[in-house]
Amino acid sequence: MKKIFALLSICSVIYACNSGEKTAETQDTSTQAVAAAPAADTTASAVASVGSAKGEQLIGASDCLTCHKVDAKLVGPSYIDVANKYPATDANIDLLAGKIIQGGSGSWGEIPMAPHPALSSDDAKEMVKYILSLKTN
Ligand code: HEC
């Protein structure tokens, strides 16, 4: 009887150790997975969406989409083409914001872009930041 009891307790000690290790292992991998996967994602998309969500709204509220589409040429170039042409530097953001407000032609062809004198330069810059965030190359 004593022997059986001893055997049982050894078993349970072994079992406890094993399962203890297992939980530790699984916890380890799951925290690693949680830490590794979404962390990279959220930082990248959070930065992009903070800078561009407002611009996207402004573009939706203005007349831009009658001449521009995100991924196809209409009257004006697609926003993806614009994003791939201009790196998102402060100088380019200023340049393009100015062009949206004043209108003009020559960068993509002879058809001019209509001016948008009612837009503030801050709003125009938000629009440009959104457009340049669409870069695919
Ligand atoms: C009447 C049609 C029309 C409307 C409305 C319009 N665009 Fe354009 N857009 C164009 C054309 C055409 C071009 C190409 C101009 C050129 O070749 O320089 C252009 C060019 C651009 C460019 C690139 C400029 C460059 O120099 O490369 C940006 C950025 C842009 N548009 C943003 C906007 C935004 C934002 C709005 C809304 C506020 C808007 N557009 C409204 C026709 C339009």
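All values derive from a computational prediction rather than experimental measurement.

Asks: Before we go on, may I ask you to explain the overall build of the chain in this structure?
Replies: From N to C terminus, the chain includes five helices and zero strands. From first element to last, N terminus to C terminus, the chain shows the α and β order α-α-α-α-α. Residue burial in the chain is summarised as follows: out of 137 residues, 23% are buried. Accessible surface, the chain: about 9400 Å² in total, of which carbon and sulfur atoms supply 65%.

Asks: When you look at the environment of Gly 98 in this model, what are you seeing that I'm missing?
Replies: Residue position: Gly 98 is located in helix H4 (residues 90-102). Exposure remark for Gly 98: the relative accessible area of 23% places this residue in the partly exposed category. It is 7.3 Å that separates the C-alpha atoms of Gly 98 and Ser 121, two residues lying 23 residues apart in sequence.

Asks: What should I look at first to understand the site of the ligand in this one?
Replies: The immediate surroundings of the ligand are formed by 28 residues, with Cys 64, Cys 67, His 68, Lys 99 and Met 113 found nearest. Those elements that provide at least two residues to the shell around the ligand are helix H2 (64-67), helix H3 (79-85) and H4.

Asks: Just to check I follow, could you spell out the side chain of Ser 78 for this structure?
Replies: Its place among the elements puts Ser 78 in the loop between H2 and H3. With a relative accessible area of 3%, Ser 78 lands in the buried category. Not counting chain neighbours up to four residues away, the residues in contact with Ser 78 comprise Lys 69, Val 70, Asp 71, Ala 72 and Lys 73.

Asks: What am I meant to see in helix H5 (residues 121-132) here?
Replies: Side chains of residues three or four places apart in an α-helix project in the same direction, reflecting 3.6 residues per turn. For H5, with 12 residues, the first-to-last C-alpha span of 16 Å sits near the 16 Å given by 1.5 Å per residue. Among the residues making up H5, those that are buried are Ala 124, Glu 126, Met 127, Val 128, Tyr 130, Ile 131 and Leu 132.

Asks: Hey, could you run me through the coordination of the iron atom of the ligand in this one?
Replies: Reference values for angles at a metal are 109.5 degrees in the four-donor tetrahedral case and 90 or 180 degrees in the six-donor octahedral case. Surrounding the iron atom of the ligand are the protein donor atoms His 68 (NE2) and Met 113 (SD), at 1.9 to 2.0 Å. In this structure, the iron atom of the ligand is surrounded by six donor atoms whose angles at the metal cover 86 to 180 degrees, and the resulting shape is octahedral. In this pair, His 68 is assigned in the loop between H2 and H3 and Met 113 in the loop between H4 and H5, connecting sequence segments 45 residues apart. Residue class for Met 113 comes out partly exposed when judged on its relative accessible area of 26%.

Asks: What should I look at first to understand the packing of aromatic side chains in this one?
Replies: Each aromatic ring pair is specified by the distance between its two centres and by the angle formed by the two planes. Tallied over the full model, the rule gives zero aromatic pairs. The ring of Trp 108 has Lys 85 lying over it, and the distance from NZ or CZ to the ring centre is 4.6 Å.

Asks: Any chance you could explain the confidence of the model for the chain here in plain terms?
Replies: Mean pLDDT over the chain stands at 78; residues scoring 70 or higher make up 63%. Scored below 50 in pLDDT, residues 7-47 makes three contacts in the model with residues more than four places away or belonging to other chains.

Asks: What am I meant to see in the nonpolar core here?
Replies: Looking at soluble globular proteins, one finds that nonpolar side chains tend to be buried together. Ile 59, Val 128 and Leu 132 are the most contacted members of the largest nonpolar core, which totals 21 residues. Counting only elements with at least two residues in this core, the list comes to helix H1 (2-61), H3, H4 and H5. In terms of residue count, the dominant contributor to this core is H5 (six residues).

Rules used throughout
Residues numbered from 1 in each chain as written. Predicted model: local features only at pLDDT ≥ 70, side-chain atom pairs only at ≥ 80, totals over all residues. Heavy atoms only, no water. Helix = DSSP H or I, 4+ residues; strand = E, 2+ residues; numbered from the N terminus. Buried < 20%, exposed > 50% of the residue type's maximum accessible area, 1.4 Å probe, protein only. Areas by Shrake-Rupley, 256 points an atom, 1.4 Å probe, with all protein chains shown as cover. Near = heavy atom within 4 Å. Contact = heavy atoms within 4.5 Å. Expected span 1.5 Å × (residues − 1). Donors = N, O, S within 2.8 Å, 3.2 Å for Na, K, Ca; no water. Tetrahedral: all angles 85-135°; square planar, octahedral: opposite > 155°, others 65-115°. Phe/Tyr/Trp six-rings, centres within 6.5 Å; stacked < 30°, edge-to-face > 60°. Lys NZ or Arg CZ within 6 Å of the ring centre and 35° of its normal. pLDDT = per-residue confidence, 0-100. Core = buried A, V, L, I, M, F, W, Y, C linked by side-chain atoms within 4.5 Å.

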